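The residues making up each chain are set out below.
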Amino acid sequence: MELNMGIIKVEFSVPEVVKAISAFKNNRLKALEHFSNEVRESASHTINQLLNAEMTLFLGEKDQSNNKRNGYKERDYTLKGIGTVRLNMPQDRNSSFTSSIVPKN
């Protein structure tokens, strides 16, 4: 499949991609919904990775030597311009972890 957009020319040879682009070309609303879902999922994944890294750094501090991870608590969080994302807020056994990335309610 070949797309011409002004001075940009994009060619795809992967059958699934060609099929998706053809479907999106015929239904722009479906394309926008798909794109929005992908952005939300990417944002959720990225923030969850940051939260895990933040917990790892927190548990590496001197005063947390006897503390350990204690699972996650799922939380929906709304991001302006993106919508609601599902986050896995890490928890520690002492319940002393507070994220600087995602504020409490």
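Check the entry above for the structure.
Residues numbered from 1 in each chain as written. Predicted model: local features only at pLDDT ≥ 70, side-chain atom pairs only at ≥ 80, totals over all residues. Heavy atoms only, no water.

Peer 1: Would you take a moment to explain the nonpolar core for this structure?
Peer 2: Inside soluble globular proteins, nonpolar side chains tend to come together where they are buried. Counting eight residues, the largest nonpolar core is built from Ala-43, Ile-47, Leu-51, Leu-79, Val-85, Leu-87, Met-89 and Val-102. Broken down by secondary-structure element, the contributors of at least two residues to this core are helix 2 (28-59) and strand 4 (83-92). If near-sequence neighbours (up to four positions away) are discounted, Leu-87 is found in contact with Ser-44, Ile-47, Asn-48, Leu-51, Lys-73, Glu-74, Arg-75, Tyr-77 and Val-102. (Core = buried A, V, L, I, M, F, W, Y, C linked by side-chain atoms within 4.5 Å. Buried < 20%, exposed > 50% of the residue type's maximum accessible area, 1.4 Å probe, protein only. Helix = DSSP H or I, 4+ residues; strand = E, 2+ residues; numbered from the N terminus. Contact = heavy atoms within 4.5 Å.)

Peer 1: How should I be thinking about the pattern of salt bridges in this particular structure?
Peer 2: A pair can form between side chains of opposite charge whenever their charged atoms are brought close. Applying the stated criterion across every chain, the model contains two salt bridges. In this structure, Glu-74 engages Arg-86 in a salt bridge whose closest nitrogen and oxygen atoms are separated by 2.8 Å. Linking Glu-74 in strand 3 (residues 69-79) with Arg-86 in strand 4, this pair joins segments that are 12 residues apart in sequence. Across the pair Asp-76 and Arg-86 runs a salt bridge whose closest N-O atoms are separated by 2.6 Å. You can see Asp-76 sitting in strand 3 and its partner Arg-86 sitting in strand 4, a full 10 residues away along the chain. (Salt bridge = Lys/Arg side-chain N within 4 Å of Asp/Glu carboxyl O.)

Peer 1: Please clarify how unusual backbone geometry should be interpreted in this entry.
Peer 2: Residues apart from glycine generally show negative phi values, whereas peptide bonds are mostly found in trans. Despite not being glycine, Ser-95 shows a phi value in the positive range, around 55 degrees. With respect to the helices, strands and loops of the structure, Ser-95 is situated in the segment after strand 4.

Peer 1: Help me understand the pairing of strand 4, please; the structure alone is not making it clear to me.
Peer 2: Successive residues of a regular strand alternate their side chains across the two faces of the sheet. Examined bridge by bridge, strand 3 and strand 4 share nine bridges and lie antiparallel to one another. Looking at the pairing, Leu-79 lines up with Gly-83 of strand 4. The hairpin formed by strand 3 and strand 4 contains three residues between the paired strands, and Gly-81 there has a positive phi angle of roughly 85 degrees. (Pairing = 2+ DSSP bridges.)

Peer 1: Sorry if this is basic, but what is going on with the side chain of Arg-75 here?
Peer 2: Mapped onto the secondary structure, Arg-75 falls in strand 3. The side chain of Arg-75 sits in the buried core without any salt bridge; Asp-76 is the nearest counter-charge, 8.4 Å away. One polar contact links the side chain of Arg-75 to the main-chain carbonyl oxygen of Pro-103, over a distance of 3.0 Å. (Lys, Arg positive; Asp, Glu negative; His and termini not counted. Polar contact = N/O pair within 3.5 Å; in protein donor to acceptor, adjacent residues only side chain to side chain.)

Peer 1: Is there a simple way to think about a nonpolar patch on the surface in this case?
Peer 2: A cluster of nonpolar residues, Leu-32, Phe-35 and Val-39, forms a patch on the protein surface that exposes about 290 Å² of accessible area. You can see Val-39 is positioned in helix 2. (Patch = residues over 30% accessible without salt bridge, like charges linked within 9 Å, V, L, I, M, F, W, Y side chains within 5 Å. Areas by Shrake-Rupley, 256 points an atom, 1.4 Å probe, with all protein chains shown as cover.)

Peer 1: Would you mind showing me how to read the packing of helix 1 (residues 15-26) against helix 2 here?
Peer 2: For any two helices packed against each other, the geometry is given by the interaxial angle and the distance between the axes. Remark: helix 1 packs on helix 2, axes separated minimally by 5 Å, with the N-to-C direction vectors making an angle of 120 degrees. Here helix 1 is positioned oblique relative to helix 2, judged by the angle of their axes. Within the contact between the two elements, helix 1 uses Phe-24, Lys-25 and Asn-26 and helix 2 uses Arg-28, Lys-30, Ala-31 and His-34. The residue inventory of the contact of helix 1 with helix 2, partitioned by class, reads two nonpolar, two polar and three charged. (Axes fitted to C-alpha atoms, helices over the stretch in contact; angles between N-to-C directions. Parallel < 35°, antiparallel > 145°, perpendicular 65-115°, else oblique. Nonpolar A, V, L, I, M, F, W, Y, C, P; charged D, E, K, R; others polar.)

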